[in-house]
Amino acid sequence: MKSERILAQNGFAQSEIMLDLYDLKKVYPTPKGDYVVLEHLNLQVKKEEFITIIGHSGCGKTTMLSMIAGLNPISGGGISVLGNSIKGPGPDRGVIFQSPSLMPWMTALDNVMLGVNRVFSHATKKQKEDICKYYLHKVGLEGAFNKRAAELSQGMQQRVGIARAFAIKPKVLLLDEPFGMLDSLTRGELQDVLIEIWNKEKITAVMITHDVDEAIFLADRVVMMTSGPNAKIGDMLTIDFERPRTRKAVIEHDDYYKYRKYLIDFLEH
Amino acid sequence: MSDKLIKITRFVGLGFFEPVIRLSRGEESKKNTILILKKIVAPLASILLFLGVWQAGSQALYNIEADSRIEKAFNGQGQAAAAEMRICIESGDVSCQPNTLPSPAQVYGAFKTLLKDHKVINADKKRFKEKTAILNKQRTSEGKNPIVYTGRPSFVDQIITSIKTVFAGFLLAIFIAVPIGVVIGLSSTLRSSFNWLIQILKPVSPVVWLLLVFMVVKTLTKDSNTDSSFIISFVSVGLCAMWATVVNTAMGVSTVDKDFINVAKVLKLSAFQKVFKVILPSSLPLIFTGLRITFSVAWMVLIAIELLAQSPGLGSFVWEEFQNGANDSNSKIIVAMFVIGIIGFLLDRLMLIIQTFVSFSKNEGI
């Protein structure tokens, strides 16, 4: 079987795999014939693994992520979570979007509650509220439970976005350049928030980023994609830093510049 | 304290009072004086200009009419009759007044007459009520209908009836148009299948709507002997005015931010939650724009519909005065015109206030 062959290549045992993309293909029909965005894309992500995906703009990273989220139909191959193929979107895959995408007319708490209500529909109101408050607390928004999303800064809104994604306790967390629209100072803060909450929850995460430093700091493994059309996985790099990590320790580590050079070399060729 | 006052004046659309408040507190006197000139003195000057043009115009029309009367008398009955006519017109006698555009002073006079008339009718009503109170009590205990006042309605009563009709029509429009707009907005299939109907019905004239409603309501109320003119007029008003809301709601619902829809999909919200928690709130601003247009259209067509449907209200007031042809009828029509305009403006302001209250992008509350 095809997928077993690929498993053997990667050397992951079946029971270890959380997310499996096999022979994934995406085609957009155009008047001039089919445009193949992704082809023969194979990727396995282990349980409790954090991977980051880097590649040039327009190479199909976001397409791939929205296919995993179930928002974009698959043209060929398949995606499975814990061995079950996905059918459309679902709360087993949480998404943090590029823009915070909060409902601006709701409070921070209500925005988180929107998903929690759905997933923990049998819990009491108090329990649900406690879950929301716990995660909002974790992302540093203790004082802003009842502020409307429209009143929050971009960085604060993305914090709510993180809380919303974690609060529904997904099996896989998908992050589509979540900090791309923020200034570098806020981006650093939010990376810390994200990694802190992730260290506790250890949810399998797939994150797209343009930022090489971010990719190294957050990931267990950096996946490099070739430029489109017909994009696929070009190379992978395992980041062997111990967790929990601090930014300072990572930057001062001997291997840091080696990793960095490797990634930049890939992107420049 | 006066910061709050400024906020309130801004909120209700009286922002032009802001420099007065600021000046009275001694803030930036030069800037605020200029603002007062611009926002209060200039509009007042334009009002005076308007009144001046009106006065001159009505004077000119009066002279044309008077001259033609004198000439007519001269041609018909000779010199003596012409001189008599001239004296009659100059004396201000009611019987030979030229019938033309009334001057501002005449209109103001008619306004006062109407108010006085309202007081008289009100007093009359009160007296009637007192007189019949005991008798009515007796009649109701016997199971008979109480005797009600059937005298002539005053001008203020007409205004109130018109406002009632417009609100009834507006509510009907909301209850029909918003659900239709939401359903059509949600489904592109329905949108394209019903688009022709909306596009054809939208430009239909109020008069035709009235006749259509008349046909239907007449048949439906065949057995009851209640007055159906109110039903006919408010239903026609609602049907005429609702199209802006249908179109705007459908547009708002169909163009909800794609990010919000994605969130709803990822969280697997139920269809009910998706509509009520995501789609409706985010299309509220556009829905309200539609409702505001609907409201102003409703007020505009109301007058024409009342006029035709013979249902009580400002429209029939105008029509009756025109048919009446009394000496001050023209002035009363102009009074009604201003009242209609001012009430329309106030109603639009009311809608604007509600709109700023419910839309999420603006800062809310005072």
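Please read all numbers here as calculations on a predicted model, not as lab measurements. Here the residue numbers are simple positions, counted from 1 along each chain's written sequence. Chains and ligands are labelled sequentially in the order written, the chains with letters from A and the ligands with numbers from 1. Totals for whole chains, interfaces and linings use all residues, but because this is a predicted model, local features are given only for residues with pLDDT of at least 70 and pairs of side-chain atoms are given and counted only at 80 or more. Calculated side-chain values reflect all of the structure's heavy atoms, with hydrogen atoms and water omitted.

Asks: How do you make sense of the pairing of strand β1 (residues 17-30) of chain A when you look at a structure like this?
Replies: A regular strand carries its side chains on alternate faces of the sheet. All names here are of chain A. Strand pairing requires that DSSP identify at least two bridges connecting the strands. Numbering of helices and strands runs from the N terminus; a helix is a DSSP stretch of H or I covering at least four residues, while a strand is a stretch of E covering at least two. Bridge count between β1 and strand β2 (residues 33-46): ten bridges; the pairing is antiparallel. When the bridges of β2 are listed, Leu19 appears paired with Val45. Between β1 and β2, which pair antiparallel one after the other, the connecting turn spans two residues. In this structure, β1 lies alongside strand β4 (residues 76-81), joined through five bridges in antiparallel fashion. When the bridges of β4 are listed, Lys25 appears paired with Gly76.

Asks: Teacher, can you tell me more about the interface of chain A and chain B here?
Replies: Quite often, the size of an interface is put as the accessible area lost when its parts meet. For this analysis, residues touch if any pair of their heavy atoms sits within 4.5 Å. Taken together, the contact between chain A and chain B spans 21 residues of the former and 17 residues of the latter. Taken together, both faces of the contact between chain A and chain B bury some 1800 Å²; the carbon and sulfur share is 71%. Area buried by chain A at its contact with chain B is led by A:Trp105, A:Leu114 and A:Arg118, which between them contribute 31% of it. Think of a salt bridge as a Lys or Arg side-chain nitrogen and an Asp or Glu carboxyl oxygen that are within 4 Å of each other. At the boundary of chain A with chain B, the tally comes to zero salt bridges. Polar contacts, as used here, are pairs of N or O atoms within 3.5 Å; protein pairs need one atom able to donate a hydrogen and one able to accept it. Residues neighboring in sequence count only if both atoms are side-chain atoms. Where chain A touches chain B, the interface holds four residue pairs in polar contact (both at pLDDT 80 or more). For the side of chain A that touches chain B, the secondary-structure elements that each account for two or more residues are β6 (93-96) and α3 (108-119) of chain A. Here the side of chain A that touches chain B gets three residues from one element, more than from any other, and that element is α3(A). Residue classes in the side of chain A that touches chain B are distributed as 13 nonpolar, four polar and four charged. Here the buried area means the combined drop in accessible surface, using a 1.4 Å probe, for two parts upon being joined, counting both sides. In this classification, Asp, Glu, Lys and Arg are treated as charged, Ala, Val, Leu, Ile, Met, Phe, Trp, Tyr, Cys and Pro as nonpolar, and every other residue, Gly included, as polar.

Asks: I would appreciate a short explanation of unusual backbone geometry in the present structure.
Replies: Most peptide bonds adopt trans geometry, and most residues besides glycine take a negative phi value. Residues and elements named next belong to chain A. Here the residue pair Arg243 and Pro244 is connected by a cis peptide bond, since its omega of -10° sits within 30 degrees of zero. Considering the arrangement of structural elements, one finds Pro244 in the loop between β10 (233-238) and α8 (247-252). At Glu48, a residue that is not glycine, the phi angle is positive and equals roughly 60°. Backbone geometry at Glu177 places phi at a positive 45°, although glycine is not the residue there. Inspection of the secondary structure puts Glu177 in the loop between β7 (172-176) and α6 (184-201). Glu177 sits in the buried class, given a relative accessible area of 13%. When accessible area is computed with a 1.4 Å probe and restricted to protein chains, residues below 20% of their type maximum are described as buried, those above 50% as exposed, and intermediate ones as partly exposed.

Asks: Could you clarify how one ought to interpret the domain arrangement of chain B in this entry?
Replies: Start and end points for every domain follow an automatic or database-based domain assignment. Per the domain assignment, the segments making up chain B are domain 1 (2-96), domain 2 (103-151) and domain 3 (153-358). Summarising the inter-unit geometry, the C-alpha centres of domain 1 of chain B and domain 2 of chain B are found 34 Å apart.

Asks: Where do I start with the pairing of strand β8 (residues 204-208) of chain A in this structure?
Replies: Residue and element names in this part refer to chain A. With five of its five residues buried, β8 lies for the most part within the structure. Here β8 shows two buried faces, one formed by Thr204, Val206 and Ile208 and the other by Ala205 and Met207. Taken together, β7, α6 and β8 constitute a β-α-β crossover, and its handedness is right-handed. Call a crossover right-handed when, viewed with both strands pointing away from you, the route from the first strand across the helix to the second goes clockwise.

Asks: Where do I start with the environment of B:Val247 in this structure?
Replies: Residue and element names in this part refer to chain B. Note that Val247 resides in helix α10 (residues 243-254). Judged by its relative accessible area of 32%, Val247 falls in the partly exposed class. Sequence-wise, Val247 and Thr9 are 238 residues apart; in three dimensions their C-alpha atoms are separated by 33 Å. Excluding its chain neighbours within four sequence positions, the residues that come into contact with Val247 are Ile198 and Lys202.

Asks: Is there a simple way to think about the packing of helix α4 (residues 125-138) of chain A against helix α5 (residues 154-167) of chain A in this case?
Replies: The geometry of a pair of packed helices is captured by two quantities: the angle between their axes and the separation between those axes. All names here are of chain A. Axis angles are defined between N-to-C directions and span 0 to 180 degrees, where every axis is a line fitted to C-alpha atoms and, for a helix, only to the segment in contact. α5 packs onto α4 with a crossing angle of 135° between their chain directions and a minimal axis gap of 9 Å. Here α5 runs oblique to α4, going by the angle between their axes. When the axes of α4 and α5 are compared, the crossing they make is right-handed. Judged by residue contacts, Ile131, Tyr135 and Leu136 of α4 engage Val160, Ala163, Phe166 and Ala167 from α5. Partitioned by chemical class, the residues of the contact of α4 with α5 number seven nonpolar, no polar and no charged. Roughly parallel here means an angle under 35 degrees, roughly antiparallel means over 145, roughly perpendicular means 65 to 115, and every remaining angle is called oblique. Two helices crossing with the near one rotated counterclockwise from the far one by less than a right angle form a left-handed crossing, whereas a clockwise rotation gives a right-handed crossing.

Asks: Just checking my understanding: could you explain the side chain of A:Thr204 for this structure?
Replies: Here A:Thr204 shows up in strand β8. Among the polar contacts made by the side chain of A:Thr204, one reaches the main-chain amide nitrogen of A:Glu48 at a distance of 3.2 Å.

Asks: Any chance you could explain the environment of A:Met18 here in plain terms?
Replies: Residues and elements named next belong to chain A. By the secondary structure assignment, Met18 is in strand β1. Residue class for Met18 comes out buried when judged on its relative accessible area of 9%. Spatially, the C-alpha atom of Met18 lies 26 Å from that of Asp213, the residues being 195 residues apart in sequence. Among residues more than four places away in sequence, those in contact with Met18 are Val45, Lys46, Lys47, Ser80, Val81, Leu82, Lys171, Val172 and Thr204.

Asks: What is the right way to read the packing of aromatic side chains from this model?
Replies: The geometry of an aromatic ring pair is captured by two quantities: the separation of the ring centres and the angle between the planes. Stacked, edge-to-face and tilted labels apply to pairs of Phe, Tyr and Trp rings (six-membered ring for Trp) whose centres lie within 6.5 Å, assigned for plane angles under 30 degrees, over 60, and everything in between, in that order. Counted according to the given criterion, the structure contains 15 aromatic pairs over all chains. Measuring from centroid to centroid gives 5.3 Å for A:Phe50 and A:Trp198, while their planes differ by 70°, and the two rings are edge-to-face. One end of the pair, A:Phe50, is in strand β3 (residues 50-54); the other, A:Trp198, is in helix α6, with 148 residues separating them in the sequence. Summarising the burial analysis for this pair, A:Phe50 and A:Trp198 share the class buried. Seen in terms of ring centroids, B:Phe155 and B:Phe317 are 4.7 Å apart; in terms of plane orientation they differ by 50°. Their pairing is tilted. With a gap of 162 residues between them, B:Phe155 in helix α6 (residues 155-186) and B:Phe317 in helix α13 (residues 314-324) connect regions that are remote in the sequence. Taken as a pair, B:Phe155 and B:Phe317 share a single burial class, namely buried. By definition, being over a ring means that NZ of Lys or CZ of Arg is both within 6 Å of the ring centre and within 35 degrees of the ring normal. The side chain of A:Arg247 reaches across the aromatic face of A:Phe217, ending 4.6 Å from its centre.

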